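Architecture and fold: a report
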Amino acid sequence: MAWNVFKFCTALRALGSIMIVFVLAVIGVTYYAVVVAHYGPSLFLGGFDTVSAIVVLFLFHFLLVMVIWSYSSVVLTDPGGVPPNWRPLRDEEKGDADPLVGPGYGSAEFSSNQSAMPGDSTNQDICFCHKCNQLKPPRTHHCSVCKRCILKMDHHCVWVVNCVGALNYKYFLLFLFYTFLETTLVSLSLLRVFMEFFNDGEIAETPGTLAATFITFVLNIAFALSILGFLIMHITLVGANTTTIEAYEKKTTPKWRYDLGRKKNFEQVFGTEKKLWFIPAYSEDDLRRMPSLQGFKYPTRSDWEPSQQQ
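Residues numbered from 1 in each chain as written. Predicted model: local features only at pLDDT ≥ 70, side-chain atom pairs only at ≥ 80, totals over all residues. Heavy atoms only, no water.

**Some words on the overall build of the protein**
Cut-off, in case you're wondering: Put simply, DSSP marks the helices as runs of H or I at least four residues long and the strands as runs of E at least two long, and each gets a number from the N terminus on. Each residue gets one of three labels from its accessible area relative to the maximum for its type: buried under 20%, exposed over 50%, partly exposed in between, using a 1.4 Å probe on protein chains only. Contact between two residues is taken to exist if any of their heavy atoms lie within 4.5 Å; hydrogens are not considered. The Shrake-Rupley method, run with a 1.4 Å probe sphere, supplies the accessible areas, and residue values consider only the shown protein chains as cover.
Counting secondary structure elements, the protein contains nine helices and six strands. Burial analysis of the protein (310 residues in total) assigns 44% to the buried set. Counting contacts in the protein only where the partners sit at least 6 residues apart, residues at least 24 apart contribute 67% of the total. Element-wise, carbon and sulfur atoms account for 65% of the exposed surface of the protein, whose accessible area totals about 16400 Å².

Below is the structure:
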């Protein structure tokens with residue numbers, strides 16, 4: 001019998017904001033070890049030491065800004081919830097449009113005159129949540145930690161104390177990406193000090209500085225290796241336009257209805273504005289015209305038929 005990891009997610013409530021404090025503490029220790037203890041003083045040594053310190057400090061601070069920006073975005077951004085008394089829009093209200101564009105693409109209607117039509121193939125993924133006691137859009141799942149339905153829910157992340165869903169998934173991926181680069185940079189920049197720690201050579205550092213450096217190196221290399229695997233997994237999910245929950249539930253058939261091809265799948269998460277792909281933000285045009293960025297409706301592949309849904 002398979003182990004259902006999702007039924008244990010209620011245990012995450014006890015962690016609360018402790019994880020945010022832990023993340024900030026790791027950032028603080030890392031900053032002390034890299035900037036204050038080592039590469040800050042190296043700026044005044046001259047020669048190659050100064051040049052290498054400038055490069056490391058520039059990259060470190062740039063990546064640190066992007067990590068904090070992405071992290072705060074995924075923590076503070078609502079992943080997307082289902083409005084009370086939500087009802088799907090009828091076909092006649094949608095009209096024919098581009099797969100990525102269309103009136104009514106993500107509008108949450110509150111009118112009691114609208115309802116899901118059982119015979120409508122576009123509404124086949126619309127289900128009823130017995131915990132919230134209301135209809136929920138396609139790809140929506142109920143989170144037992146947040147106690148509500150989340151649009152295109154991927155998972156509830158203990159590190160960000162928030163659900164990862166339609167409205168903050170890009171920010172979460174950027175957080176993983178920049179954290180991997182930052183932790184890799186820190187690990188490589190402190191490798192020399194870490195190696196000297198086990199050699200017979202004398203190290204001109206205080207015990208406190210040595211302890212901070214050792215802890216920083218071990219934590220960052222551990223985070224880099226673990227995040228790498230997690231990042232590869234999510235890159236694969238983005239390439240297939242699926243989520244962790246959908247992959248777990250084995251709904252991704254060879255003809256997954258939302259698989260639009262790698263380029264469009266990527267745009268469904270990151271938008272079409274290339275200059276904003278690596279920034280935790282969207283253009284107003286993308287937010288207006290792309291249904292997936294609103295979380296209520298998702299374009300499907302042209303060769304998909306309702307009979308192929310499992």
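**Focus: the side chain of T140**
The criterion, for reference: Under this definition, polar contacts are N or O atom pairs within 3.5 Å; protein pairs additionally need one hydrogen-donor-capable and one acceptor-capable atom, and for neighbouring residues in sequence, both atoms have to be side-chain atoms.
Tracing the chain through its elements places T140 in the loop between β2 (134-136) and β3 (141-143). What makes T140 buried here is its relative accessible area of 4%. Within the local environment of T140, its side chain forms a polar contact with the backbone oxygen of P137, the two atoms lying 3.0 Å apart. Apart from residues lying up to four places away in sequence, T140 is in contact with V82, C149, I150, L151 and K152.

**Thoughts on the packing of helix α1 (residues 18-42) against helix α2 (residues 47-76)**
As a reminder of what qualifies: Whenever a helix is involved, its axis is fitted only over the stretch in contact; in every case the axis is a line through C-alpha atoms, and angles between N-to-C directions fall within 0 to 180 degrees. If an angle is under 35 degrees, it is roughly parallel; if it is over 145, roughly antiparallel; if it lies from 65 to 115, roughly perpendicular; otherwise it is oblique. Working rule for handedness: look at the near helix, and if it is turned counterclockwise from the far one by less than a right angle, call the crossing left-handed; if clockwise, right-handed.
Between α1 and α2, the shortest axis-to-axis distance is 10 Å and the interhelical angle comes to 165°. On the basis of their axis angle, the class for α1 and α2 is roughly antiparallel. When you trace α1 past α2, the crossing you get is left-handed. Along the contact surface, α1 presents M19, I20, V23, I27, T30, Y31, V34, V35, Y39, G40 and S42, while α2 presents D49, T50, A53, V56, L57, F60, H61, L64, I68, Y71 and V75.

**Quick look at the environment of F214**
With respect to the element layout, F214 can be found in helix α6 (residues 207-240). Its relative accessible area of 34% is what places F214 among the partly exposed residues.

**With respect to the pattern of salt bridges**
Cut-off, in case you're wondering: When a carboxyl oxygen of Asp or Glu lies within 4 Å of a side-chain nitrogen of Lys or Arg, that pair is called a salt bridge.
By the definition in use, this model includes four salt bridges. The shortest N-O distance in the salt bridge between D78 and R148 comes to 3.1 Å. Note that D78 is positioned in the loop between α2 and α3 (91-94) and R148 in strand β4 (residues 148-150), a separation of 70 residues in sequence. Classification of D78 by relative accessible area gives partly exposed; the value is 40%. Measuring nitrogen to oxygen at the nearest pair gives 2.7 Å for the salt bridge that ties E267 to K263. Linking E267 with K263, this pair stays in helix α8 (residues 262-270), spanning four residues, or about one helical turn.

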